Amino acid sequence: MAGRAQIPTRNAGLIAMIADEDTVTGFLLAGVGNVDLRRKTNYLIVDSKTTVKTIEDTFKEFTAKDDIAIILISQYVANMIRFLVDSYNKPVPAILEIPSKDHPYDPTHDSVLSRVKYLFSAESVASGRR
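The structure presented is a predicted model; accordingly, all values stated were derived computationally and were not measured.

**Focus: the packing of aromatic side chains**
Move 1: One pass over the structure, following the stated rule, counts 1 aromatic pair.
Move 2: Measuring from centroid to centroid gives 6.2 Å for phenylalanine 59 and tyrosine 88, while their planes differ by 80°, and the two rings are edge-to-face. Taken together, the positions of phenylalanine 59 in helix α2 (residues 52–64) and tyrosine 88 in the loop between α4 (82–87) and β4 (94–98) put the pair 29 residues apart, joining distant regions of the chain. Per residue, the accessibility class of phenylalanine 59 equals that of tyrosine 88, and both read buried.

**A few points about the sheet that holds strand β1 (residues 14–19)**
In a beta sheet, neighbouring strands pair by backbone hydrogen bonds and run either parallel or antiparallel.
Move 1: Taken in spatial order, the 4 strands make up an open sheet running β2-β1-β3-β4, and their pairing is parallel. Looking along the sheet, the strands with just one partner apiece sit at the ends: β2 (43–45) and β4. On average, each strand axis in the sheet is inclined to that of its neighbour by 20°, with strand direction left out of account.
Move 2: The pairing of β1 with β2 spans 3 bridges and is parallel. Across the sheet, alanine 19 pairs through a bridge with isoleucine 45, a residue of β2.
Move 3: Sitting on the sheet, helix α1 (residues 21–29) touches β1, β2, β3 (68–74) and β4, and the angle it makes with β1 is about 160°.
Move 4: Of the strands in this sheet, β1, β2, β3 and β4 are in contact with α2, which crosses β1 at around 170°.

**Quick word on the pairing of β1**
Move 1: Two elements, β1 and β3, share 5 bridges in a ladder whose sense is parallel. Residue isoleucine 15 lies in a different strand from β3, and its bridge partner there is isoleucine 70.
Move 2: Remark: the β1/α1/β2 crossover connection has right-handed handedness.

What counts and how
Residues numbered from 1 in each chain as written. Predicted model: local features only at pLDDT ≥ 70, side-chain atom pairs only at ≥ 80, totals over all residues. Heavy atoms only, no water. Phe/Tyr/Trp six-rings, centres within 6.5 Å; stacked < 30°, edge-to-face > 60°. Helix = DSSP H or I, 4+ residues; strand = E, 2+ residues; numbered from the N terminus. Buried < 20%, exposed > 50% of the residue type's maximum accessible area, 1.4 Å probe, protein only. Pairing = 2+ DSSP bridges. Axes fitted to C-alpha atoms, helices over the stretch in contact; angles between N-to-C directions. Contact = heavy atoms within 4.5 Å. Right-handed = clockwise from strand over helix to strand, strands pointing away.

Right, here's the structure in full:
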């Protein structure tokens, strides 16, 4: 299929996390955590002292790594770097915005949901179903 991005196939891929301490701790207890040979983790705990630059750098690092299949990011953290999240357009790693304990989910800010709505509205216009 020409012009379509190829999704690399692997036997396993990591899940990376950028979220608050409670959310990351829950996923670490579920077995999501990883530390590589350079002692780099696959998560970033965001608190009041975490700078936007640190979040941006971590997001760029996670999206550049070839062993990460999914990046889970708290929606309120994604809002801090919305321009990066919205401009990311590769299929792998997939970016999924999740709610956190202190910040409820807002579907109007979800980049995946807005892309799906756009695709379905474009499809319905193209097929004449509006």
